[in-house]
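This is what each chain is made of:
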Amino acid sequence: MARDGTSIRAGKTGFYWDERCFWHAGGNYALTLPLGGLVQPLAAGGLPESPETKRRLRNLMEVTGITADLVMTSAPPASRADLERIHPASYLDEFKSMSDAGGGELGLRTPFAKDGYEIAALSAGLAKQALLDVMEGTVTNAYALSRPPGHHCLPDWPNGFCLMANIAIAIEAAQAAGHARRVAVIDWDVHHGNGTEHIYYDRDDVLTISIHQEKNYPLDTGDVADRGRGKGDGFNMNIPLPPGVGHVGYLEVMDRIVLPALDRFAPDVIIVACGFDAGIFDPIARMLCTAETFGEMTARVMDAAERLCEGRLLLVHEGGYSEAYVPFCGHRVLEELSGSSHKAPDPMAATVAARQPNARFDAFISGLIGEMAQEFGV
């Protein structure tokens, strides 16, 4: 509830996007394999991280009319000062120089074309402005359709399609403005949020929680034993799950681990690294989440935000590579965030329900979740 006793859910939802983010491009890949030798080009070309999942979500929103229930806006790029709170000048200078010269690749699977630097700064700027607007009360909650994504990016080394650490850049800007002292980041992208973890590993003012498929990407990070260091000890939580976890397992993780951790931390704002690659049709992951899974996880986080921080909640788009299915997952999240009556029913609802794990597998996963909950003391 708000201070005046009214429900937070009556507020406004901001949607931050920019056509230029769809223009980020580059890379001679077939999925994640460099072209050459026996690896042939794909007809559609390039990495799984393409503009189509995001553009098709934006198109679906227009067709259903949900845009009428959102505050639709763009934002300025993150400034050099914003970027330097996370990324060293040497990294930014090299990135800018390569971008001006026509593009290239700085890290692992992070290609970009000319103007890639400016587009990455814009992507970070969308997340930054969305967080500032949430903290200042311009909107109640928000969704940033950031592209390129950010949760894998280290301060000086981009990887996993991520060129700038969008969420961390936004957090540091909000803290510099005096808007947020304690921030909780929930990362439900199917890949471990190694960049966000690295940046905040020694700090106790940012709680980082990553729910991910174990040993997917990166192969050597995301272990449950990695809890933080020094002041940050206990403020980093990894929840690695085996392939095949579906709707029931993900909601149990939220209920038994994530929500109690949020209650214990009592954040000023909650940020979700919102990847949809735990979805059942994703080409580079093996989880079985549905559009309804993402909607119900969003509802749970909204309840926590209303209880803990006056509804202040931001979702920042990360991964998710099924061009057909991601738009329905994203739309379901936006329906929940905004309370809109404009719906996009999941056209695959019956078949994804039939493909969920059986009770025996869910019981096995429940046991693993219980072990991790005990490890975390929640």
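Residues numbered from 1 in each chain as written. Predicted model: local features only at pLDDT ≥ 70, side-chain atom pairs only at ≥ 80, totals over all residues. Heavy atoms only, no water.

**Re the packing of helix H8 (residues 291-309) against helix H9 (residues 326-338)**
At step 1: H9 packs onto H8 with a crossing angle of 30° between their chain directions and a minimal axis gap of 8 Å. As far as their axial angle goes, H9 and H8 are roughly parallel. Between H8 and H9 lies a crossing of right-handed hand. Facing Ala291, Glu292, Phe294, Gly295, Thr298, Ala299 and Met302 of H8, the residues of H9 in contact are Phe328, Cys329, Arg332, Val333, Glu336 and Leu337.
At step 2: Tallied by class, the residues present in the contact of H8 with H9 amount to eight nonpolar, two polar and three charged. (Axes fitted to C-alpha atoms, helices over the stretch in contact; angles between N-to-C directions. Helix = DSSP H or I, 4+ residues; strand = E, 2+ residues; numbered from the N terminus. Parallel < 35°, antiparallel > 145°, perpendicular 65-115°, else oblique. Left-handed = near helix turned anticlockwise from the far one by under 90°. Contact = heavy atoms within 4.5 Å. Nonpolar A, V, L, I, M, F, W, Y, C, P; charged D, E, K, R; others polar.)

**Focus: the side chain of His331**
At step 1: Mapped onto the fold, His331 is located in helix H9.
At step 2: His331 gets classed as buried once you look at its relative accessible area, which sits at 0%.
At step 3: For His331, the contacting residues outside a window of four places in its chain are Leu57, Leu60, Met61, Thr64, Ile66, His342, Lys343 and Ala344. (Buried < 20%, exposed > 50% of the residue type's maximum accessible area, 1.4 Å probe, protein only.)

**Quick notes on the packing of helix H3 (residues 89-100) against helix H4 (residues 116-136)**
At step 1: Two elements in contact, H3 and H4, have axes whose closest approach is 7 Å; the angle formed by their N-to-C orientations is 125°. With respect to their mutual orientation, H3 and H4 come out oblique. From H3, Leu92, Phe95, Lys96, Ser99 and Asp100 reach across to H4, where they touch Gly116, Tyr117, Glu118 and Ala120.
At step 2: Of the residues that constitute the contact of H3 with H4, the class distribution is four nonpolar, two polar and three charged.

**Points about the packing of aromatic side chains**
At step 1: Within this structure, the stated rule accounts for 10 aromatic pairs.
At step 2: Taking 5.0 Å as the distance between ring centres and 85° as the angle between the ring planes, the aromatic pair formed by Phe281 and Tyr325 counts as edge-to-face. Of the two residues, Phe281 is situated in the loop between strand E11 (269-274) and H8 and Tyr325 in the loop between strand E12 (313-317) and H9; the sequence distance between them amounts to 44 residues.
At step 3: Between Phe361 and Phe364 the ring centres are 6.3 Å apart and the planes differ by 50°, which places this aromatic pair in the tilted class. Here Phe361 pairs with Phe364, and both are found in helix H11 (residues 359-376), just three residues apart, close to one helical turn.
At step 4: According to the relative accessible area criterion, Phe361 is partly exposed, its value standing at 24%.
At step 5: Clustering of aromatic rings is evident, with ring pairs tying together Tyr91, Phe95, Phe112 and Tyr117.
At step 6: Positioned over the ring face of Trp17 is Arg58, at 4.4 Å from the centre of the ring.
At step 7: When the ring centre of Phe265 is taken as origin, the NZ or CZ atom of Arg182, which lies over that ring, is 4.0 Å away. (Phe/Tyr/Trp six-rings, centres within 6.5 Å; stacked < 30°, edge-to-face > 60°. Lys NZ or Arg CZ within 6 Å of the ring centre and 35° of its normal.)

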